[in-house]
Structures are given as C-alpha cells and as structure tokens.
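Descriptive structure summary
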Amino acid sequence: MTQTLSGTQTTSVADAVVVGAGFAGLYMLHLLRDKLKLKARVFESADGVGGTWYWNRYPGARCDIPSHHYSFSFSEELQQEWTWSEKYAAQPEILEYLEFVARKFDLNKDISFGTRVSSAHFNEAEQRWIITTDRGETVVARYFIPAVGTLSDANIPKFKGHGSFQGQVLFTGKWPKEGVNFAGKRVGIIGTGATAMQAIPVIAEQAAHLTVFQRTPNYGTPLRNEPMDPAVDREVKANYRTLRQQAWESFAGVPFERLKPSALADSPEERRKQYEACWEDGGFSLWIGCYGDTLFDHTANRYAADFVREKIRARVQDPAVAALLCPPESQAYGTKRQPCETHYFETFNRDNVRLVDIRTHPIDEILPTGLRTTGGEYTFDILIYATGFDAFTGAMFKMDIRGAGGRTLQDYWSAGPRTLYGLGAHGFPNMFFITGPQSPSVLFNMPLGIEMHCEWIADCITHMNAHGYTAISANTEDEDRWIRHTKELADATLLPEATSWYLGANIPGKPRVFMVYLGGGKHYKEVISRCAAEGYAGFTLTPSS
Ligand code: FAD
Ligand code: NAP
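A brief report on the enclosed structure follows. (Residues numbered from 1 in each chain as written. Chains lettered and ligands numbered in written order. Predicted model: local features only at pLDDT ≥ 70, side-chain atom pairs only at ≥ 80, totals over all residues. Heavy atoms only, no water.)

1. Overview of the sheet that holds strand β9 (residues 186-190)
Strand order in this open sheet of 5 strands is β8-β17-β9-β10-β13, and the pairing throughout is parallel. Each edge of the open sheet is held by one strand with a lone partner, namely β8 (168-171) and β13 (353-357). Strand after strand, the sheet turns through a mean of 20 degrees between neighbouring axes, direction not considered. Pairing of β9 with strand β10 (residues 209-214), which is carried by 5 bridges, proceeds in the parallel orientation. Bridge pairing links valine 187 to leucine 210 in β10. Each of β9, β10, β13 and β17 (382-385) touches helix α5 (residues 194-206); the most contacted strand, β10, lies at about 160 degrees to it. (Pairing = 2+ DSSP bridges. Helix = DSSP H or I, 4+ residues; strand = E, 2+ residues; numbered from the N terminus. Axes fitted to C-alpha atoms, helices over the stretch in contact; angles between N-to-C directions. Contact = heavy atoms within 4.5 Å.)

Pasting the structure below:
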C-alpha cells in the first residue's frame, strides 16, 4: 500500500528493501520475490541495471576472470541461453548480459531507478527499518539489504586547485554514457591501477598525446583475451556443472590447472618453465595459479617479482622508462590486486605517450590548463581520474545507516568494519551485507560469491519466517572471533604489507584493517553453511512477542 503524506512524499511498506541493481541486487531481488514470495523493493541511483558495468564504461574495461566464470550459475537455462563473444567479456557485453538477466527474470518492474537511498534507521519498537530516498519516498521494511558494491564509491583525491581544470574532467568509475572522442586531444590520466592499465593502451591509440601520472608502478601481466572459440563454448555449456564445481573447489572461485605448492621446491629451470607457462596462459595464472606460496613466502614472491620485472624490461624500449615502470624490490608481487593488461607496457614505446613519476615529484596543484607537479607543468584538454575506490565502506557510509539505539554504522565501524562472516553486524538487526568486509568478497569470483551470500540471506529469512523470529543480529563475541580469525589469516600472507585498498590504505584517514577473508571460498562456504545448519549460530534471533 502506498500512502501520500504530502505532495512529494510517499510512504510504503515492503518485506525487504535492497539497495543497488548490480549482480548482487538483481539476484537478491529474484530470490526474495520469486522464491520467497516476499514484497521486495530495489532502489538504484543509476538509470539502469548493471552496477559496476553500468558505471565503468571507460575504454578497455573488461572482466579479468573468464566470462564463463564471471557470470551467474543459478539458472541452467540462463547459462545455456547466453553466449559470450570473448574469453574475457568487455564492459558493453557484461552490461548487456545483466540487462538480459533483468528482462529474463522480469526484475525491472520492482526497481526504482534514478533513486538514491539516503538513510536507513532501525526502529526497535517495530523491529523494522525506515528507509528514505532522495526522491522523498519512505519505505518501512523488515529487512534492509545494501547491495551497494564493494567497488562503487569513487576515490577522487582533492588536490590543491581541485575543480579548477577548464577542460573535460572524467572519472573512470562514472564514465559518460555517450563515450568520449579523444581524437586530436591531449589527455592526462592520474593512476596506474587495474583500471588505468586497461584504459591507457586504448586511449593512447586515439588521443594526440597522453601523459600518465604514476605514483606506484604495478606488476601487470598479460590478460590474453581472444574471441570465444565456439568449440570451447559448446564444451563449457555441455559441462557447466563440472566447471562450477571446479570453481568452488578452487581458492578464488576460478580453477587453475598448473598450480604447484611451492616455488622453493622447484629448480631454477623448472621455475622458469612454470612461470613462462603461466605467463602464456595469461589472466591471473601467474598470480594465484602458479605457486601456492607466491603470496606467503618472501623468497617465492621475489622469484615471481624478478620474473615480471624482467618481462617489463623486455617490453619497454627506453631503459629509463622501463625502470620507472618496474615495481621496486620493496614492493612484493601481487600484494596489490594484480592488474591484467593488454599491451600496457608496449604503450610506453609510443611517441605520443609520456610517463611522469609523481612519487618523486608529487602533484602540487590542478590548474585551469592541466596540472603542476613539483617537477614541472603539464597541459592537456582532458583530465582523467583513474584513482580507484573507497572500497567496502565508501558506499555504505554515503547512506545514514543507524541501527539499534540510533548508533550509526560509521561509529560502529570507526576502527574498521566489524561483521560476523561479512554478512551481518551486531546492533544492526535484519541488515545483511553481500560480499561485505571479512568475507572472501573481492578475492573470490564475485558473481559466485554474490550467489552464495544471496542464497544464505534468503535461507535465513525463510528460517526466520518459518520459526516466527522478527530479528537477527550478530553477537559481539562472535564478531570478535571472526575478525581475529580474518586478521590471523591475512597476517600469514604478504598482503597486509602493501598500501592497498584491501586495507583501506588508499584513502587518507581510513583505518588500516585488512578487509578480506583469505580462507578461500570453499572453506568459507562450509563455515556459513554450518552456521545456518546450527540455527544461525553466532547470531541472536528474536522471537516475535
Ligand atoms: P555493484 O556492481 O558495484 O553495484 C552496486 C550498485 O549499488 C551500483 O549500481 C550503485 O549505483 C548502487 N548504489 C550504491 N549506493 C547506492 C545508494 N545509496 N542508493 C541507490 N543505489 C546505490 N570482479 C570479479 O570477480 N571479476 C572481474 O573481472 C571484475 N572486474 C571488475 C572491473 C572493474 C572495472 C571493477 C570496478 C570491478 C570489477 N570486479 C570484478 C568487481 C565487481 O565490482 C563485482 O564483480 C560485481 O560487479 C559487484 O556487483 P555488486 O552488485 O555487488 O555491486
Ligand atoms: P586502484 O587499484 O586503487 O588504483 C588507483 C590508482 O590511482 C593507483 O595507481 C593509485 O596510486 C592512484 N592514486 C590514487 N590516489 C592518488 C593520489 N592521491 N595521487 C596520485 N595517485 C593516486 O583502483 P582501480 O585501478 O580502479 O582498481 C580498483 C579495483 O577494481 C581493482 O583492484 C580490481 O579489483 C577492480 N578492477 C578490475 C578490473 C579488471 O581487470 N577486471 C579493472 C579495473 C578495476 P597508488 O597505487 O600509489 O595508491
């Protein structure tokens, strides 16, 4: 029922409110509405579905785990109906896929597009969430599910002179729908992460000149995309169940056949052979599909790092530029998320591309005509920020979320995120996260991780309804236990050494806490399944009064 309170305000009631219409929001809506037969509303600030793939339309954007893996597994019919055109699908095709999913399951009718959720407050007396939007709508719902994405809130550094550039300013995570014409333009791009490494080679081919501002060099390795081989597609379609099973058996939700336990156990000749083979395979093969100790042991890591540096030097003609593009020995390989690239390093052999080291000479000021570093002034027509995301918490904190006792989520997470299994937080009853902090999240095949969480949440709600519970909230001591365990696992690896977004280290002032669960998706799934089987052990369920 919808009641009009005033000319512009409406209040309605739903069983659940979901925020976001990316992979997570779409599947959550499908389960809530079509499996659980609940009334679910979805709010999405964009004017279409797709999430990441709606916003990140920059040139070169594509997934870097194979398309057959980077897709929903919940519907065999969907798996059979959809055909990927490339081994690693590009952004337009992934967006088309998600639009297809939304049409196939008739999801759009329950999504309010162009609508941002501004606040969600838990009403303890009613045991319900009061959710408001920037369009003046209020929805009262039992369940609040922010599927707002872990990498959806752009990090835009506010350099001195921010906003003064008079040319076109672009953010990779909010790329204009109509595209950008780079012909004849001088372009500057800040950042050399996974996004920039995809965009730079494509922009360099189109623009008159490209200046790349690099603070930290990155260990990129070749993606090796190719058109989808119809025989491979047929083979996968005939064996999708096995493929998904193999994905679940693997650490990161993508199987790697070459993986060996330790780089230390091999002779230098065997190691070189193994590295070369993984290099030729492309994608994440060298990073997580080569040796099991690459991210655990300094010596094993150095072997891989030396190998990648050697490859970079071989690909870049000017030794001085190559030296700048090589991550230093102090920066372990793969402790920042490994970018997969296509001709990135060769791009610096072009006459129209210049690399500027902003580690030695930081950006001093954005100017109307370009920018100034402490080493010089640069002029261009277009300035691109490829500066990443305020991961995990950014989009959550953009909403005013208040749990029991009016406590804000910002306050509860002031020393870093606190969750049980990355699914719920103490004092925020009936609020569920999808691929939240302290779950395998961004170090797992995300569509599969999203399915796992959506299904856990749907089962939990079914359990609550069946047993007459009105609220579920994580226990503090179980959160403590899980956070300790997540930290112990991370500390056993080299990952916390990096200044990465996994730790929040890319955002000034953000607490440095490793936010990803590194026990692997398979083990994690066992943990949360056991929790459910034991009546949601670690959570407190409140019976209806
Ligand atoms: P998102 O897709 O981020 O969707 C969240 C949605 O919530 C957005 O549409 C946003 O507009 C909306 N939203 C947020 N706040 C509000 C609000 N207050 N009100 C209303 N709406 C709101 N993962 C992989 O596993 N493999 C890959 O190869 C891979 N490639 C990637 C490439 C790029 C360029 C990026 C940025 C990420 C990539 N990822 C990859 C991670 C990717 O984010 C996930 O795979 C997946 O798309 C996340 O889906 P989601 O639905 O959880 O979140
Ligand atoms: P990112 O990895 O955080 O990279 C941001 C870049 O901007 C870094 O080079 C960073 O330098 C630079 N930067 C940020 N703030 C700066 C400042 N104040 N001054 C100078 N430089 C600054 O972000 P991203 O490239 O968008 O990637 C984020 C994640 O999205 C990836 O790790 C991945 O998970 C996902 N992604 C995946 C793909 C894919 O291939 N499928 C593609 C794109 C993104 P520093 O390193 O020095 O901080």
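2. A few points about the nonpolar core
Across soluble globular proteins, nonpolar side chains show a tendency to be buried alongside one another. Ranked by size, the top nonpolar core spans 135 residues in total, and within it Leu32, Phe182, Tyr421 and Trp456 carry the most contacts. Looking at which element gives the most residues to this core, the answer is helix α14 (residues 446-467), with 11 residues. Discounting residues that sit within four places of it in the chain, phenylalanine 182 has contacts with Pro59, Leu170, Trp175, Val187, Ile203, Gln206, Ala207, Ala208, Ile382 and Ile384. Grouped together as the second largest cluster of nonpolar side chains are 24 residues, Val19, Phe43, Trp129 and Val148 included. (Core = buried A, V, L, I, M, F, W, Y, C linked by side-chain atoms within 4.5 Å. Buried < 20%, exposed > 50% of the residue type's maximum accessible area, 1.4 Å probe, protein only.)

3. Section: the site of ligand 1
The immediate surroundings of ligand 1 are formed by 30 residues, with Glu44, Thr52, Asp64, Tyr70 and Val117 found nearest. One of the side-chain nitrogen or oxygen atoms of tyrosine 70 is found 2.6 Å away from an oxygen atom of ligand 1. In the complex, the protein chains occlude 95% of the 980 Å² of accessible area that ligand 1 would expose alone. The biggest single contributor to the shell around ligand 1 is helix α2 (residues 52-55), with 3 residues. (Near = heavy atom within 4 Å. Polar contact = N/O pair within 3.5 Å; in protein donor to acceptor, adjacent residues only side chain to side chain. Areas by Shrake-Rupley, 256 points an atom, 1.4 Å probe, with all protein chains shown as cover.)

4. Examining the pattern of salt bridges
In the structure shown here, the tally under the stated rule is 33 salt bridges. When the shortest N-O distance is used, the salt bridge between arginine 272 and glutamate 310 registers 2.8 Å. You can see arginine 272 sitting in helix α8 (residues 268-281) and its partner glutamate 310 sitting in helix α10 (residues 298-315), a full 38 residues away along the chain. What makes glutamate 310 partly exposed here is its relative accessible area of 36%. Among the ionic pairs, arginine 418 bridges to glutamate 479, the shortest N-O distance being 3.0 Å. Of the two residues, arginine 418 is situated in the loop between α13 (409-412) and α14 and glutamate 479 in helix α15 (residues 476-491); the sequence distance between them amounts to 61 residues. What makes arginine 418 buried here is its relative accessible area of 19%. (Salt bridge = Lys/Arg side-chain N within 4 Å of Asp/Glu carboxyl O.)

5. Quick look at the sheet that holds strand β14 (residues 363-367)
Hydrogen bonds between backbone atoms are what pair the strands of a sheet, whose relative direction is either parallel or antiparallel. The sheet built from 3 strands is open, its strands ordered β14-β15-β16 with antiparallel pairing. What marks the edges here is a single partner per strand, and that holds for β14 and β16 (376-379). Neighbour-to-neighbour, the strand axes of the sheet open up by a mean angle of 15 degrees, direction not taken into account. Both strand β15 (residues 370-373) and β16 contribute to a ladder of 4 bridges, which runs antiparallel. Following the sheet pairing, leucine 371 is matched in β16 by tyrosine 378.

6. Some points on the packing of aromatic side chains
Counting across every chain of the model gives 43 aromatic pairs. Through pairs of rings, three or more aromatic residues link up here, namely Phe23, Tyr27, Trp53, Tyr70, Phe72, Phe74, Trp82, Trp84, Tyr97, Phe100 and Phe105. The lysine or arginine in question, lysine 104, covers the ring of phenylalanine 105, its NZ or CZ lying 5.7 Å from the ring centre. Directly above the aromatic system of tyrosine 303 lies the positively charged group of arginine 271, at a separation of 3.6 Å from the ring centroid. (Phe/Tyr/Trp six-rings, centres within 6.5 Å; stacked < 30°, edge-to-face > 60°. Lys NZ or Arg CZ within 6 Å of the ring centre and 35° of its normal.)

7. Structural notes on the site of ligand 2
Lining the immediate environment of ligand 2, one finds 25 residues, of which Thr192, Thr195, Arg215, Thr216 and Lys336 sit closest. Contact between ligand 2 and alanine 386: an oxygen atom at 3.3 Å from a main-chain N or O atom of the residue. In the environment of ligand 2, an oxygen atom lies 3.0 Å from a nitrogen or oxygen atom belonging to the side chain of tryptophan 501. Considered on its own, ligand 2 offers 900 Å² of accessible surface; in the complex 88% of this is hidden by protein.

8. A word on the environment of alanine 498
Looking at the element boundaries, alanine 498 is found in the loop between α15 and α16 (521-533). Residue alanine 498 is classed as buried on the basis of its relative accessible area of 10%. Between the alpha carbons of alanine 498 and tyrosine 344 there is a distance of 22 Å; along the sequence they are 154 residues apart. Excluding anything up to four places from it in sequence, alanine 498 contacts Thr335, Lys336 and Leu503.

9. Considering unusual backbone geometry
The phi dihedral of arginine 224 falls on the positive side, at around 65 degrees, and the residue is not glycine. Relative to the helices and strands, arginine 224 resides in the loop between β11 (221-222) and α6 (230-238). The exposure class assigned to arginine 224 is partly exposed, which follows from its relative accessible area of 30%. Although it is not a glycine, phenylalanine 392 adopts a positive phi angle of roughly 70 degrees. As for its placement among the helices and strands, phenylalanine 392 is situated in the loop between β17 and α12 (394-397).

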